[in-house]
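Next come the chains, spelled out residue by residue.
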Amino acid sequence: MNRYVVEPNKDASRWIVTLEGVAPDDSYTSKDGAIAAAEELAKANSPSKVVILDDDHNEVEERSY
């Protein structure tokens, strides 16, 4: 199962989407934009999960597709 992680970059100026264990796929100016992109990837590569982290890199939500 793929696991896509949505998290802020080091200075929290952008949001990144990564496939767990792989370099970031892309970065986004908004958290919502990053979540939408991660959901598209997860749906296209089902079964997958999207894990959303907050500014402190704590897991706040997990969605399955």
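Details of the structure are given in the entry above.
None of these values were measured; they are calculated from a predicted model.

J.: How would you summarise the pairing of strand E1 (residues 2–8) if you had to cite specific residues and measurements?
T.: Taking burial as the measure, the 7 residues of E1 include 5 buried ones, the bulk of the element. Both E1 and strand E4 (residues 48–53) contribute to a ladder of 5 bridges, which runs parallel. Looking at the pairing, Arg3 lines up with Lys49 of E4. Pairing geometry for E1 and strand E2 (residues 15–19), over 5 bridges, is antiparallel. Bridged to Glu7 within E2 is Ile16.

J.: Can you explain unusual backbone geometry? Please cite residues and give values.
T.: Residue Pro47 is bonded to the preceding Ser46 through a cis peptide linkage, with omega at 0 degrees. In this structure, Ala12 is a non-glycine residue whose phi angle is positive, near 60 degrees. Within the fold, Ala12 resides in the loop between E1 and E2. The phi dihedral of His57 is positive, around 65 degrees, even though this residue is not glycine. As for its position among the elements, His57 is in the loop between E4 and strand E5 (59–64).

J.: Got a sec to walk through the pairing of E4? Specific residues and values, please.
T.: Among the 6 residues that make up E4, 5 are buried, leaving the element largely enclosed by the rest of the structure. Across 5 bridges, the pairing between E4 and E5 is antiparallel. Residue pairing across strands places Lys49 opposite Ser64, the latter belonging to E5. With antiparallel pairing between neighbouring strands as the criterion, E4 and E5 make up a hairpin whose turn holds 5 residues, including His57 at a positive phi of roughly 65 degrees.

J.: Which residues make up the nonpolar core, and what values go with them?
T.: Counting residues in each nonpolar core, the largest one holds 10 residues, listed as Tyr4, Val6, Trp15, Val17, Ala34, Ile35, Ala38, Ala42, Val50 and Ile52. Secondary structure elements with two or more residues in this core: E1, E2, helix H1 (31–44) and E4. Take this core: its biggest share by element is 4 residues, from H1.

J.: Any chance you could break down the pattern of salt bridges for me, citing the residues and the numbers?
T.: Evaluation of the coordinates by the stated rule reveals 5 salt bridges. For the salt bridge of Glu20 with Arg3, the shortest nitrogen-to-oxygen distance reads 2.5 Å. In this pair, Glu20 sits in the loop between E2 and strand E3 (24–28) while Arg3 sits in strand E1, placing the two residues 17 residues apart along the sequence. Judged by its relative accessible area of 25%, Arg3 is partly exposed. Taking the shortest distance from any N to any O, the salt bridge between Glu59 and Arg3 comes out at 3.5 Å. On the criterion of sequence distance, the pair formed by Glu59 in strand E5 and Arg3 in strand E1 is long-range, its members being 56 residues apart.

Rules behind the numbers
Residue positions are counted from 1 within each chain, in the order its sequence is given. For this predicted model, a pLDDT threshold of at least 70 governs which residues receive local features, and a threshold of 80 or more governs which side-chain atom pairs are given and counted, while totals over whole chains, interfaces and linings are taken from all residues. The basis for every side-chain value is the complete set of non-hydrogen atoms in the structure, without hydrogens or water. Only protein chains enter the accessibility calculation, which uses a 1.4 Å probe; a residue whose area is less than 20% of its type maximum is buried, one above 50% is exposed, and one in between is partly exposed. Put simply, DSSP marks the helices as runs of H or I at least four residues long and the strands as runs of E at least two long, and each gets a number from the N terminus on. Two strands make a pair as long as DSSP finds a minimum of two bridges between them. Here, the term nonpolar core denotes a set of buried Ala, Val, Leu, Ile, Met, Phe, Trp, Tyr and Cys residues that are joined through side-chain atoms within 4.5 Å. Each reported salt bridge corresponds to a side-chain nitrogen of Lys or Arg within 4 Å of a carboxyl oxygen of Asp or Glu.

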